[in-house]
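Coordinate analysis (summary)
One-letter residues, chain by chain:
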Amino acid sequence: MSGLIRHIAGLSGVGYGINILEVQPLGAVEGVASSVVGVVALFPWGPETLTKITSRAELLETFYPAAFGTRDSSLWPALRAFLNKSFPAGLRIVRPAVTGAVAALLTSQDTASGDSVTLTAAHKGALGNAINVEWVANASDPTARDAVVTIGSTYSETHKAVATIVDSALVVTDPGADLYTFTKASGATLVPDVAAAAPLATGSDGTVVVGDVTTAIEAFQAASADADIVFVAECPEAFIDAVNAKLLAFTTGFDKGIGVPSTPAGQAWTDAETYVESYRDDRLFSSWPKVKTIDWFDSDNPTVTVDGNAFAAAAMANVAPERSPGGAGGNEYLKGIIGLEDETATMVAYDALNEAGVAPFMMSKPLGGAIIRRAVTTSLTPGKTKLFRRRMFDFIAGSVSDFAQFYVEKPLDLVLSSKSLGAETGNLVGGITAFLEGLKAGSRIVSYSVDPFGENTQTNIDAGRWIIAIAVKLYSMQEEIVFYMNVGEGVQIDEA
């Protein structure tokens with residue numbers, strides 16, 4: 001390389017001739033997800049930890065596998081929360097750890113009637129009792145045993161040489177099936193005796209108590225739980241008050257997400273108007289009444305009445321955070337609603353519910369289905385009553401906060417007296433400004449300002465504290481459209 005060209009690590013290394021300084025490209029603020037839905041759902045199968053689900057098929061195979069036969073939504077009504085709607089950004093499902101629930105198992109015996117191999121259902125619940133295991137001699141090794149596992153008439157898997165004798169010792173090899181596991185029984189020394197199919201036993205669904213459900217909600221408190229909208233699927237009626245209170249504690253205590261409370265069955269609009277008084281927060285979205293939809297899990301495809309919270313969550317998830325899921329904005333995502341539990345509400349009732357902080361469903365003939373009539377939060381605090389405002393605040397704050405993490409403990413190279421930014425502070429402010437400019441160019445916000453100087457003193461800068469003031473003006477929604485109508489024979493029209 002020519003003696004006139006040098007590569008340098010920083011400006012302090014600049015010398016005579018050509019200096020090449022390789023710099024990292026300026027990062028960009030990426031918009032955080034604002035439409036991931038978290039659900040607490042009482043299912044008959046599946047993990048009892050927060051589980052990421054990306055499709056309807058994955059949901060069903062994880063929490064109610066087809067191997068166990070027809071999925072019964074009358075026994076497991078949480079299934080109905082996923083009917084006739086879509087969740088585009090995926091789901092985070094928590095199956096509550098139900099009190100008294102037990103996984104099914106069977107310990108097979110050897111030729112001496114001693115314990116040999118235990119087959120255990122992968123998850124707790126009575127469904128596991130439908131698993132059967134047959135032991136047959138391995139064709140190649142007479143000291144080994146193959147396991148034939150069946151469930152009903154549609155599932156059958158043969159696992160070769162699950163149990164073998166190696167150096168006079170019993171070795172059990174688990175084949176890694178999704179629905180069950182094989183383990184060596186305590187003290188076992190011999191392979192299982194050849195035996196006809198036998199079912200697992202003692203699997204139990206337990207008896208759910210309210211604490212099981214409220215504890216499950218706590219899974220969304222973790223920093224790693226990225227759910228933006230949270231609800232409980234078809235909450236048992238006896239638990240609704242306590243569960244709604246837990247959602248309120250979740251949103252207020254952790255200042256994250258949007259909680260969608262459950263609606264009590266048969267609730268009159270006047271009761272809904274007062275019920276909401278116990279659940280005030282601009283992160284809560286209360287709907288009314290329950291709604292009707294078609295249950296495709298039942299071969300008769302009956303009309304069933306379900307909680308509207310799942311539909312409200314789906315409408316939110318499908319619209320951008322700066323838009324309202326109310327009115328025409330969310331209509332296309334509520335097509336699965338074919339009626340309301342109570343369709344007697346008048347305009348007076350709807351106005352009163354909105355004023356109280358309730359977002360009621362109503363049927364719109366021109367739009368061909370249901371709408372949310374004004375997407376308000378349960379808060380009555382001025383400036384905090386609109387759902388889109390809360391969601392957009394979270395979207396912007398979350399986006400710039402994630403970006404700013406790349407600058408934590410980097411030099412605060414800002415000179416307050418001359419209002420100048422260095423390389424690090426300039427990159428951070430530049431990234432935020434570019435992000436907001438993109439929102440403005442896309443007509444997602446009206447305008448914005450970013451002030452890295454005005455809220456600071458030299459004392460807080462010297463202490464490593466930098467205050468960046470960000471102001472964003474949002475578009476309002478077309479909630480009240482007024483036509484000045486003048487129609488008649490004597491109307492004068494100026495056509496000039």
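See the structure printed just above.
The structure displayed is predicted, hence computed values, not measured ones. (Residues numbered from 1 in each chain as written. Predicted model: local features only at pLDDT ≥ 70, side-chain atom pairs only at ≥ 80, totals over all residues. Heavy atoms only, no water.)

What follows concerns the packing of helix α8 (residues 387-404) against helix α9 (residues 423-441). Running from amino to carboxyl end, α8 crosses α9 at an angle of 150 degrees, the nearest separation of the two axes being 10 Å. Here α8 lies roughly antiparallel to α9, going by the angle between them. Considering only the axes of α8 and α9, their crossing is right-handed. Each of M392, F395, I396, S399, V400, F403 and A404 in α8 lies in contact with α9, whose residues at this interface are N427, L428, G431, I432, F435, L436 and L439. Residues of the contact of α8 with α9, tallied by class, amount to 11 nonpolar, three polar and no charged. (Axes fitted to C-alpha atoms, helices over the stretch in contact; angles between N-to-C directions. Helix = DSSP H or I, 4+ residues; strand = E, 2+ residues; numbered from the N terminus. Parallel < 35°, antiparallel > 145°, perpendicular 65-115°, else oblique. Left-handed = near helix turned anticlockwise from the far one by under 90°. Contact = heavy atoms within 4.5 Å. Nonpolar A, V, L, I, M, F, W, Y, C, P; charged D, E, K, R; others polar.)

Moving on, we get to the layout of surface pockets. Of the volumes computed, that of the largest pocket is approximately 810 Å³. Around the largest pocket, the lining is made up of 28 residues, and of these G326, G327, M477, Q478 and E479 lie nearest the centre. Every element with two or more residues in the lining of the largest pocket is listed here: α6 (328-331), α7 (347-356), β20 (358-364) and β21 (369-372). Classifying every residue of the lining of the largest pocket by side-chain character gives 10 nonpolar, 10 polar and eight charged. (1 Å grid on protein atoms, 1.4 Å probe; cavity = no way out; pocket = protein on both sides within 12 Å on 5 of 7 lines; lining within 4 Å. Points joined across faces, edges and corners; volume = space filled by probe spheres on them.)

In this section: the pattern of salt bridges. Going through the model one piece at a time under the given rule, you end up with 18 salt bridges. Between K124 and E48 there is a salt bridge, with its nearest N and O atoms 3.7 Å apart. With K124 in the loop between β7 (115-121) and β8 (131-137) and E48 in the loop between β3 (37-40) and β4 (51-53), this pair connects stretches of sequence that are 76 residues apart. Overall, the relative accessible area of 33% leaves K124 in the partly exposed class. (Salt bridge = Lys/Arg side-chain N within 4 Å of Asp/Glu carboxyl O. Buried < 20%, exposed > 50% of the residue type's maximum accessible area, 1.4 Å probe, protein only.)

What you see with strand β11 (residues 169-172) is a clean split: L170 and V172 sit on the buried side and A169 and V171 on the side with no burial. Across four bridges, strand β10 (residues 155-166) lies against β11 in antiparallel orientation. The residue of β11 that forms the bridge with A163 is V172. A loop of two residues connects β10 with β11, the two strands running antiparallel in sequence, and D167 in this loop sits at a positive phi of about 55 degrees. (Pairing = 2+ DSSP bridges.)

Right, let's talk about the packing of helix α2 (residues 210-217) against helix α3 (residues 240-254) for a bit. Packing of α2 against α3 leaves a shortest axis separation of 10 Å and a crossing angle of 20 degrees. Comparing the axis directions of α2 and α3 gives the class roughly parallel. Crossing of α2 against α3: the hand is right-handed. Between α2, through V210, V213, T214 and I217, and α3, the contact on the second element is made entirely by A242, V243, K246, L247 and F250. Broken down by class, the residue content of the contact of α2 with α3 amounts to seven nonpolar, one polar and one charged.

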